[in-house]
Amino acid sequence: MSLKSHRNSHWQRSLWQVLLALGISLALLARFAVSSAQSLPSFGLPIDCDLGQDCFILQYVDRDSGPGAVDFGCGRMTYDGHKGTDFAIPDAAAMAAGVPVVASSAGTVLRVRDGVLDRRVVSDEQRAAVSDRECGNGIVVDLGDGWETQYCHLRQGSVAVQPGDRVERGQLLGLVGMSGLASFPHVHLTVRREGRVIDPFVGVEGSEGCGGDRQSLWNVSLAYQPTGLVRAGFAPQPPELGQLWAGEFAGDRLPSDSAALVFWVQAYGVLDGDEERIQLIAPDGSIAAEKQGELRNQRIWLSFAGKRLRREGREGDRWLGQYQLVRQGEVLLDVERAIVLE
């Protein structure tokens, strides 16, 4: 063999060795990428309810690391430093009936706490009283590979697991409550990886802020719904939010000797420029009370319209309440309720 042929043969063998090594490296990288994607956990709902009917997502993870606050959908259904997703129920009456909190993913229970009182925190004094127990009655579950889930604000006395227990997805952990730093009944779910908060709507690689690429970690399709209805009904006087969260005025009948009849609507996610129209309609079809106008940003919004009852309050009369919330010409909420005087 000539020197030139020998050199060509050596060069060809070297080239094949490089290509083979490169192929192996690419295969390993592809396998690692697939393995990494497969190792990402997925999460089910942490609450056993019909989302959008008897429960709703009221607050999301804050995607702004600075003093501002924005949720993953570029809305304002969060607050500065909020580290989880809040699955809420309408009121304390639903809480008393019992709404299950379930494991969103399988794992081993690390820590639990129970015995914290359920109450709606509305003052600085109440906030200070739970400054070291903001999560209230809660559970931390180790999912493995540095992943954890934390469940907060469970109902006092409802925690159904102990440290060391193995839990499967969908297993009962406790009941929705209002313990710790809570102003409404809900379960707060935080997802962490190596101590870093992960927004399950965005995934591991999501950049700060909103509107970027997303790799949802939910095992169900969860549409972003920044605006919705909590409850609507009637009361014998203008209601307060605290009364509604407590579950008052939930019936479909009122005494005919009530001093007044008030139709109320409790909504969430109201934005600047939204327009509302609320009407109380008498049994004869006439408009007994009406209110309309432009709104401002509010995470929780209470609106009502009412009328004093004199001779109008007759037993058996059926009154209607109608409400619309409009955003940029689109009707987002269209609510109608009826009540009978007895």
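Here the structure is shown first, and the text comes after it.
Residues numbered from 1 in each chain as written. Predicted model: local features only at pLDDT ≥ 70, side-chain atom pairs only at ≥ 80, totals over all residues. Heavy atoms only, no water.

(A) Inspection of the overall build of the chain at higher detail. When helices and strands are counted, the chain shows four helices and 18 strands. A separation of at least 24 residues holds for 69% of the contacts in the chain among residues at least 6 apart in sequence. Working note: accessible area of the chain is about 17700 Å², and carbon and sulfur atoms make up 48% of it. (Helix = DSSP H or I, 4+ residues; strand = E, 2+ residues; numbered from the N terminus. Contact = heavy atoms within 4.5 Å. Areas by Shrake-Rupley, 256 points an atom, 1.4 Å probe, with all protein chains shown as cover.)

(B) Spotlight on the layout of surface pockets. Considered as a void within the structure, the largest pocket measures approximately 710 Å³ in volume. Forming the boundary of the largest pocket are 32 residues, of which Q59, Y79, L181, A182 and S183 lie nearest the centre. The greatest single-element share of the lining of the largest pocket, amounting to four residues, is contributed by strand β9 (residues 186-193). Taken together, the residues of the lining of the largest pocket break down into 13 nonpolar, eleven polar and eight charged. Its boundaries defined by the atoms lining it, the second largest pocket holds a volume of some 310 Å³. As for the second largest pocket, its lining consists of 18 residues, and the residues nearest its centre are V61, D62, R63, R196 and V197. (1 Å grid on protein atoms, 1.4 Å probe; cavity = no way out; pocket = protein on both sides within 12 Å on 5 of 7 lines; lining within 4 Å. Points joined across faces, edges and corners; volume = space filled by probe spheres on them. Nonpolar A, V, L, I, M, F, W, Y, C, P; charged D, E, K, R; others polar.)

(C) Molecular detail of unusual backbone geometry. The backbone of H153 shows a phi angle near 70°, a positive value even though the residue is not glycine. Mapped onto the elements of the fold, H153 is located in strand β6 (residues 147-154). Judged by relative accessible area, which is 6%, H153 ranks as buried. The backbone of E194 sits at a positive phi, close to 50°, despite the residue not being glycine. Inspection of the secondary structure assignment puts E194 in the loop between β9 and β10 (196-198). Taking the relative accessible area as the measure of exposure, E194 reaches 63% and is therefore exposed. (Buried < 20%, exposed > 50% of the residue type's maximum accessible area, 1.4 Å probe, protein only.)

(D) Geometry of empty space enclosed by the protein. Tallying each qualifying case throughout the model produces one cavity of 30 Å³ or more. The volume enclosed by the largest cavity comes to roughly 60 Å³. In terms of lining, the largest cavity is formed by R63, F72, V202, G206, S207, G209, C210, G211, G212, D213 and R214. Of the residues assigned to the lining of the largest cavity, the class counts are three nonpolar, five polar and three charged.

(E) Spotlight on the sheet that holds strand β11 (residues 228-235). Read across the open sheet, the three strands follow the order β11-β13-β16; overall the sheet is antiparallel. Lying at the two open borders of the sheet, with one neighbouring strand each, are β11 and β16 (298-308). Neighbouring strand axes in the sheet, compared pairwise and without regard to direction, differ in orientation by 10° on average. (Pairing = 2+ DSSP bridges. Axes fitted to C-alpha atoms, helices over the stretch in contact; angles between N-to-C directions.)

(F) Expanded view of the pairing of strand β15 (residues 287-294). Pairing of strand β14 (residues 275-281) with β15, which is carried by seven bridges, proceeds in the antiparallel orientation. Among the inter-strand pairings, I281 is bridged to a residue of β15, identified as I287.

(G) Examining the state of the cysteines more closely. The tally for this structure, following the rule as stated, stands at three disulfides. At a sulfur-sulfur separation of 1.9 Å, the disulfide partner of C49 is C55. With the S-S bond torsion at 70°, the cross-link from C49 to C55 turns out right-handed. Here C74 connects covalently by a disulfide to C210, the sulfurs 2.1 Å from one another. Negative torsions about the S-S bond denote left-handed disulfides, and the value of about 105° found for C74 with C210 makes this one right-handed. Placement of C74 in the loop between β1 (56-59) and β2 (85-88) and of C210 in the loop between β10 and β11 is noted, with a sequence separation of 136 residues between them. (Disulfide = S-S within 2.5 Å.)

(H) Seen up close, the environment of Q322. With respect to the helices, strands and loops of the structure, Q322 is situated in strand β17 (residues 318-327). With residues near it in sequence (within four places) discarded, Q322 still touches F263, R277, I278, Q279, I281, V335 and E336. A polar side-chain atom of Q322 sits 2.8 Å from a polar atom in the side chain of E336. (Polar contact = N/O pair within 3.5 Å; in protein donor to acceptor, adjacent residues only side chain to side chain.)

(I) Fine view of the sheet that holds strand β18 (residues 330-341). Strand order across the open sheet formed by five strands is β12-β18-β17-β14-β15, with mixed pairing between neighbours. Edge positions in the sheet fall to β12 (253-254) and β15, since each has one partner strand and no second.

(J) The side chain of Q243, seen in detail. Within the secondary structure layout, Q243 lies in helix α4 (residues 241-245). On the basis of relative accessibility, which here comes to 19%, the residue Q243 falls in the buried class. Setting aside chain neighbours within four positions, we find Q243 in contact with Q237, P238, E248 and F249.

(K) Representation of the nonpolar core. In terms of nonpolar packing, the biggest core is built from 46 residues, with I47, L58, I139, W147, Y151 and L173 touching the most fellow members. At the level of secondary structure, the elements contributing two or more residues to this core comprise β1, β2, β5 (137-144), β6 and β9. By size, the runner-up hydrophobic cluster in this structure holds 22 residues, among which are A232, A282, A289 and Y323. (Core = buried A, V, L, I, M, F, W, Y, C linked by side-chain atoms within 4.5 Å.)

(L) Representation of the packing of aromatic side chains. Scanning the entire structure with this criterion turns up eleven aromatic pairs. Relative to F72, the ring of Y60 has its centre 5.5 Å away and its plane inclined at 65°; by these criteria the two rings are edge-to-face. With Y60 in the loop between β1 and β2 and F72 in the loop between β1 and β2, the pair connects residues that are twelve residues apart, well separated along the chain. Accessibility assignment for this pair places Y60 and F72 in one class, buried. Between Y60 and F201, the ring centres sit 5.3 Å apart and the planes meet at 70°, which makes this aromatic pair edge-to-face. Note that Y60 is positioned in the loop between β1 and β2 and F201 in the loop between β10 and β11, a separation of 141 residues in sequence. With relative accessibility at 5%, the residue F201 sits in the buried group. (Phe/Tyr/Trp six-rings, centres within 6.5 Å; stacked < 30°, edge-to-face > 60°.)

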